[in-house]
Amino acid sequence: MKKRVLYWLQNDLRLVDNEILSELADFDGELDLVFVIEPRWFRQTNYQSKSFGTHKFNFLRESLAAFAQAVEKLGQTLHVITGEPEQVISQRLQKYEIETLVCTEQVGVYEQKQLNKIKALCPHVTVKTYQQDTLFKASDLPFQLDNLPKNFTAFRKKVEAEPTFIAAPLPAVGHLPHPVQLCPDNPIDDVPAHSGSFKGGLIAAQQHCNAYFSSKAPSSYKETRNELDGFSNSTKFSVWLAGGTISAKQLYREVEVYELKNGANESSYWIKFELLWREYFKWHAVQAGVKLFHFKGQKQSAPLTTFNSQRFEAWCQGRTPFALVNAIMHELNATGYISNRSRQIAASCLVNELELDWRYGAAYFEQQLIDYDVAANWGNWQYIAGVGVDPRGGRHFHINKQTALYDPLARFIRKWQGDVTVSELIDVVDAADWPIAT
Ligand code: FAD
């Protein structure tokens, strides 16, 4: 019988710079390509949100459909299976007598636990993981991961002082081994007609990358990146990076090629600087483990806050007393994407004005954002809540000041109808009536 390998795809839905596919291209055996859709993604969590909202799921389906088409041209099949990964992957390994399981190393502790369960259920299977969601491999960092600097600036200075090795992105694979014989097809359900501002998938990712770097936008990125709105004011790479339809290494290389052609300036450098933020949060997530989701985060004491479901609901729906925050939340709910400035303002409002538990906000972003990334989302939320890797201990973005700076003519507020009539006092139920009688 031919040797068999199962590649469990997650946030690596690409052919270019895919170390696993490159390594398997000449494998003399059969290859099973599997993506698992987990039922828990659609169940409400303790934080009243789900892992996947509609925009995020549609975007994923587009990414899967594009990947499935791309591998089909190479004679392969993507199997999209629904179930708990530890069950469906282990069953598949056993049923088809597959000896090896390969996947991208995940930084999230939950995802790591899933892989450990599979290892325990299938002790005879060789499991190999690849660090291909980051710019650097852990072994190339100029420090042991246990000694990860406590804040971003210290991290950046270290990796820039001893320029840390970033491997060249690998070319697209041109051929793949045959699929495992006798496996019935598990195609992706019909993908709804594309409607959002962003199209998922490896082709759309490459098209966006080509368009962005053939424009002059990278040369003014630093001056525009803080705006609330505007497609080319920031790179918009995050939406494709999240599903791995493009890699961080590819983008980093594209910036360098752009700099060679057009000259480097502070703005083009700043794109690399932001990719280092992404990198820092990735390694931070590995180190923080479950603490990434703890109320106290990295700190010894918990923030002073409580939970009020009416305030949370008002924030989610964009019905707070703050027009700018409402506009931001309307955009998030309508599109699945908001700018970095908008994320900071909305998160700061939840923590500082509404005095809510930051984890509810983080979970709502997890549900809504099409670029959701466990490390960046929970890491940034902790940062703003003052329980993360911020040396200043939390951030308060004063809403009036932010409005005056970034939306002085209220264009953004009007565009997203932020000035809905809301009561000045957000709490309809007096605190003394808590909990609310139903
Ligand atoms: P650009 O400004 O063009 O930046 C280029 C790239 O650098 C981004 O694509 C991203 O990969 C990286 N980057 C930039 N800023 C950050 C940052 N603060 N942290 C980590 N990486 C960064 N980013 C996500 O990718 N997924 C998330 O789930 C996410 N949740 C966030 C939640 C909050 C509360 C905050 C404040 C920020 C969050 N970010 C998240 C970071 C940042 O807002 C987005 O990466 C950025 O807005 C995406 O748009 P862009 O690609 O145009 O960014």
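Here is what the cut-offs are and how they apply
- Residues numbered from 1 in each chain as written.
- Predicted model: local features only at pLDDT ≥ 70, side-chain atom pairs only at ≥ 80, totals over all residues.
- Heavy atoms only, no water.
- Near = heavy atom within 4 Å.
- Polar contact = N/O pair within 3.5 Å; in protein donor to acceptor, adjacent residues only side chain to side chain.
- Areas by Shrake-Rupley, 256 points an atom, 1.4 Å probe, with all protein chains shown as cover.
- Helix = DSSP H or I, 4+ residues; strand = E, 2+ residues; numbered from the N terminus.
- Domains from an automatic or database assignment.
- Contact = heavy atoms within 4.5 Å.
- Buried area = accessible area lost by both parts, 1.4 Å probe.
- Salt bridge = Lys/Arg side-chain N within 4 Å of Asp/Glu carboxyl O.
- Nonpolar A, V, L, I, M, F, W, Y, C, P; charged D, E, K, R; others polar.

## Regarding the site of the ligand
Within the structure, the ligand sits among 27 residues, and Y221, S234, T235, K236 and N340 are positioned closest to it. F237 is positioned with one of its backbone polar atoms (N or O) 3.1 Å from an oxygen atom of the ligand. The fraction of the free accessible surface of the ligand (810 Å²) that becomes covered by protein chains is 97%. Broken down by secondary-structure element, the contributors of at least two residues to the shell around the ligand are α8 (238-243), α10 (266-288), α13 (340-353) and α15 (374-385).

## A few points about the domain arrangement of the chain
Taken domain by domain, the chain consists of domain 1 (3-133), domain 2 (135-167 + 202-293) and domain 3 (309-415). Placing the centre of domain 1 and that of domain 2 at their C-alpha centroids yields a distance of 25 Å. Contact with domain 1, which involves 20 residues of that partner, is made by 21 residues of domain 2. By the criterion of area lost to domain 2, the three top residues of domain 1 are V107, Q131 and D133, representing 32% of everything that side buries. Counting the contacts that link domain 1 with domain 2 gives four salt bridges. Among the salt bridges present, the one from R278 reaches D133, with a minimum N-O distance of 2.9 Å. Mapped onto the side of domain 1 that touches domain 2, the elements with two or more residues apiece are α2 (54-72) and α4 (109-121). Take the side of domain 1 that touches domain 2: its biggest share by element is five residues, from α2. In terms of residue class, the side of domain 1 that touches domain 2 is made up of 10 nonpolar, four polar and six charged.

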